[in-house]
Amino acid sequence: MSVLDINKIRQDFPILDEKVNGRDLVYFDNAATTQKPFVVLEALANYYGHYNANIHRGIHFLAEKATSAFEDSRSAIQKFLNAAHKEEIIFTYGTTDGINLVAQTYGRKFLKEGDEIIISTLEHHSNIVPWQMLCEEKGCVLRVIPIDDKGDLILEAYEKMLSEKTKFVSVVHVSNALGTINDVKFIIDKAHEVGAKVLIDGAQASSHITIDVQTLDADFYAFSAHKLFGPTGMGVLYGKSDILNAMPPYRGGGEMIKEVTFEKTTYNELPYKFEAGTPNIADVVAVKFAIDYINDLGKENIAAYEDELLKYATEQLSEIGGLRIVGKAKEKVSVVSFVLNGIHPQDVGVILDQQGIAIRTGHHCTQPLMNRLGLPGTSRASFAVYNTTDEIDKLVAGIHKVKKMVL
Amino acid sequence: MTINEIQDEIIEEFELFDDWEGKYEYIIDLGKKLPKLSDEFKIEDNIIKGCQSIVWLHAYKQDGKLYFEADSEAIIVKGLVSMLVKVMTNHTPEEILKSDLYFIDKVGLASHLAQTRSNGLASMVKQMRSYAVAYQAKEN
Ligand SMILES: Cc1ncc(COP(=O)(O)O)c(C=O)c1O
């Protein structure tokens, strides 16, 4: 039994009271985005209602209040990741943005023809395409760590792939499609042995796993606020300060400069060098409230409860005839991908939706992974701390109905 | 029958159902009854760009009229596609271009035709119309 009071937690999320197609909403699409608690909604309204101002520029009261709330968020995220320095926290608009930033600045400056970049079969398109673009431009070679049939990375193959040619490794911490938790510590250590830098795509990990970038020794770590109860359009890129300092800026504009003349511009210090223009102030301010919310519940408590949900769902779903769970990695977060014999995932999604149950169907932005698994897509239920076993029972009943109607 | 007569017939059929289950079972049934598109037409060029399931649309012209055949991997989409084919096939390009597809809305399936749905149905209607435009252009 969980130490958390789940019913009380549910009351923190207003959207959970919505009706969909006349039924109570069952929201099992948390890997796509999580719902937002009142504290986050209030933080947004409060910012716009009481201290909206542009930051780092004005000397008036509101500007200082907004700036300090903005920078408080940076400190909260520094603690959340256990980063050594506050200026290692760069605000982006999401994981995708952070990965592109690294590919377009670090990648363009330090990688050259023939250098190898390693990613994995589990990657989301956002950790594939930016590297392909870089390879096309620079003549680098993209290599891919294979997986076994359970959805675990084959790390022996990764070790064999590493050489002095390897210059960059960019791997997902937790797979959004299968839930696999990768041994990123091992991946990072091995990459460092050959002198390669490593980026970890933490989009799915950030809400489930305690992250310590110093223990991991990650060079870069990217995630999105919207997957951890925060607002959309806001993300974080962590980078080691010596590496960030060596990188050229990404976008040019206000805020990221020290001095501009028509002859030459000198760039601002970290983190501002990478934050050109007026940032997404409101969402940055609000993300601190999401992180505080997670910290108040306790990440270990959340993880333990989600694990109960995962176990329950895995057991219950496994009993459904013709249902095969896709992704049986040794360690998983609360994501269950499955296929039903003779039924297209889209039909599963449509009929569950009629019953008020929101899951994700399709390729989950991981087409190469689906090709590897020989599937057009899967149905995926992903759980957050506000979900319940009762809701999982509804999912199971819903799937029985799908079978009855389609087969 | 005219396009509107066929639409009205479908609307009438749907009036029999008072819940979503009946409606969807009927659509699924239509999907199952739609003859398989022969493999020679299941080619890249005939694929409607939707997101989640592959939809194929094959069109040909005979005696001044356009005919459609279609298929999909997903059964509900196939049922919806079968209704669209039933309404649009065997009409002149002019009739197709003039048509107003109100039946989708009337039978309460409008959300399936919305652009936001990644099932390619809206693209399918567009594709049917562009075949009509293309054939018309060839004639003139
Ligand atoms: C593993 C993974 N990486 C990257 C992303 C991209 O995140 P965003 O769309 O927030 O930039 C996602 C989101 O779906 C994801 O699950």
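Predicted model, so just to flag it, every value in this text is computed and none were measured.

Here's the deal with the overall build of chain A
The helix and strand tally for chain A stands at 14 helices and 17 strands. For chain A, buried positions account for 50% of its 407 residues. When contacts within chain A are restricted to residue pairs at least 6 apart in sequence, long-range pairs at least 24 apart make up 71% of them.

Describing the site of the ligand
As a matter of local geometry, the ligand sits amid 13 residues, with A:Gly94, A:Thr96, A:Asn176, A:Ala203 and A:Ser224 nearest to it. Class assignment of the residues belonging to the shell around the ligand gives a composition of three nonpolar, nine polar and one charged.

Comments concerning the domain arrangement of chain A
Size of an interface, as often reported, equals the accessible area lost when the parts are brought together. Residues and elements named next belong to chain A. You can read the domains of chain A as domain 1 (6–29 + 298–406) and domain 2 (51–295). Counting residues at the interface gives 21 residues for domain 1 and 22 residues for domain 2. Of all elements in the fold, only α11 (299–318), β14 (335–340) and α13 (367–373) reach the threshold of two or more residues within the side of domain 1 that touches domain 2. In terms of residue count, the dominant contributor to the side of domain 1 that touches domain 2 is α11 (four residues).

A look at the packing of helix α3 (residues 61–81) of chain A against helix α10 (residues 281–297) of chain A
Residues and elements named next belong to chain A. Where α3 meets α10, the closest approach of the two axes is 8 Å, and the angle between their N-to-C directions is 45°. Here α3 is positioned oblique relative to α10, judged by the angle of their axes. Once α3 is placed against α10, the crossing between them reads as left-handed. Between α3 and α10, the residues in contact are Ala66, Ala69, Phe70, Asp72, Ser73, Ala76, Ile77 and Phe80 and Ile281, Val284, Val285, Val287, Lys288 and Ile291, respectively. A per-class count over the contact of α3 with α10 returns eleven nonpolar, one polar and two charged.

What to know about the interface of chain B and chain A
With 13 residues of chain B in contact, the opposing surface of chain A contributes 13 residues. Contributions of two or more residues to the side of chain B that touches chain A are made by α2 (20–33) and α3 (75–88) of chain B. It is α2(B) that provides the largest number of residues to the side of chain B that touches chain A, a total of four residues. In terms of residue class, the side of chain B that touches chain A is made up of eight nonpolar, three polar and two charged.

Overview of the pairing of strand β2 (residues 55–62) of chain B
Residues and elements named next belong to chain B. Sheet topology note: the strand β1 (residues 47–48)/β2 ladder contains two bridges and is antiparallel. Looking across to β2, one finds that Ile47 is bridged to Trp56. Here β2 runs beside strand β3 (residues 65–72); their pairing, made up of eight bridges, is antiparallel. Note on β3: the bridge partner recorded for Tyr60 is Tyr67. The hairpin formed by β2 and β3 contains two residues between the paired strands, and Asp63 there has a positive phi angle of roughly 50°.

Examining the packing of helix α1 (residues 3–14) of chain B against α3(B)
Look at α1(B) against α3(B): their axes get within 8 Å of each other, and the N-to-C directions meet at 145°. Contacts from B:Ile3, B:Ile6, B:Gln7 and B:Ile10 in α1(B) reach B:Met83, B:Lys86 and B:Val87 in α3(B).

Looking at helix α7 (residues 184–193) of chain A
Residue and element names in this part refer to chain A. All of the buried residues along α7 are Val184, Ile187, Ile188 and Ala191. End-on view of α7: buried residues confined to an arc of 95°, all on one side of the axis. Where the residues of α7 are buried, they touch α6 (155–161), β7 (166–172), β8 (197–201) and α8 (213–216). Backbone geometry just downstream of α7 places Gly195 in the positive-phi region, at approximately 80°.

Here's the deal with the sheet that holds β7(A)
Residues and elements named next belong to chain A. Strand order in this open sheet of seven strands is β4-β10-β9-β8-β7-β5-β6, and the pairing throughout is mixed. Looking along the sheet, the strands with just one partner apiece sit at the ends: β4 (89–92) and β6 (141–145). In this sheet, adjacent strand axes meet at a mean angle of 20° when their direction is disregarded. Examined bridge by bridge, β8 and strand β9 (residues 220–224) share three bridges and lie parallel to one another. The residue of β9 that forms the bridge with Asp201 is Ala222. Where α3 meets the sheet, it contacts β4, β9 and β10 (235–239), and its direction lies at approximately 115° from that of β4. On the sheet, helix α5 (residues 129–138) packs against β5 (116–120), β6 and β7 and is oriented at approximately 150° with respect to β6.

Considerations on the nonpolar core
Residue and element names in this part refer to chain A. Val198, Tyr221, Tyr238, Val285 and Ala290 are the most contacted members of the largest nonpolar core, which has 149 residues in total. No other element matches the eleven residues that α10 contributes to this core. Mapping this core onto the domain boundaries places at least three of its residues in each of domain 1 (6–29 + 298–406) and domain 2 (51–295).

Brief notes about the pairing of β14(A)
Residues and elements named next belong to chain A. Of all six residues in β14, six are buried, a share of seventy percent or more. Judged from the four bridges that link them, strand β13 (residues 323–326) and β14 form a sheet pairing that is antiparallel. Bridging from a neighbouring strand, Arg324 pairs with Val339 of β14. As paired strands, β14 and strand β17 (residues 378–382) are joined by four bridges and run antiparallel to one another. Looking across to β17, one finds that Phe338 is bridged to Ser379.

What counts, and where the lines are drawn
Residues numbered from 1 in each chain as written. Chains lettered and ligands numbered in written order. Predicted model: local features only at pLDDT ≥ 70, side-chain atom pairs only at ≥ 80, totals over all residues. Helix = DSSP H or I, 4+ residues; strand = E, 2+ residues; numbered from the N terminus. Buried ≥ 20, exposed ≤ 12 C-beta atoms within 10 Å, placed from the backbone. Contact = placed C-beta atoms within 7 Å. Near = placed C-beta within 6 Å. Nonpolar A, V, L, I, M, F, W, Y, C, P; charged D, E, K, R; others polar. Domains from an automatic or database assignment. Axes fitted to C-alpha atoms, helices over the stretch in contact; angles between N-to-C directions. Parallel < 35°, antiparallel > 145°, perpendicular 65-115°, else oblique. Left-handed = near helix turned anticlockwise from the far one by under 90°. Pairing = 2+ DSSP bridges. Arc of directions from axis to C-beta. Core = buried A, V, L, I, M, F, W, Y, C linked by C-beta atoms within 7 Å.

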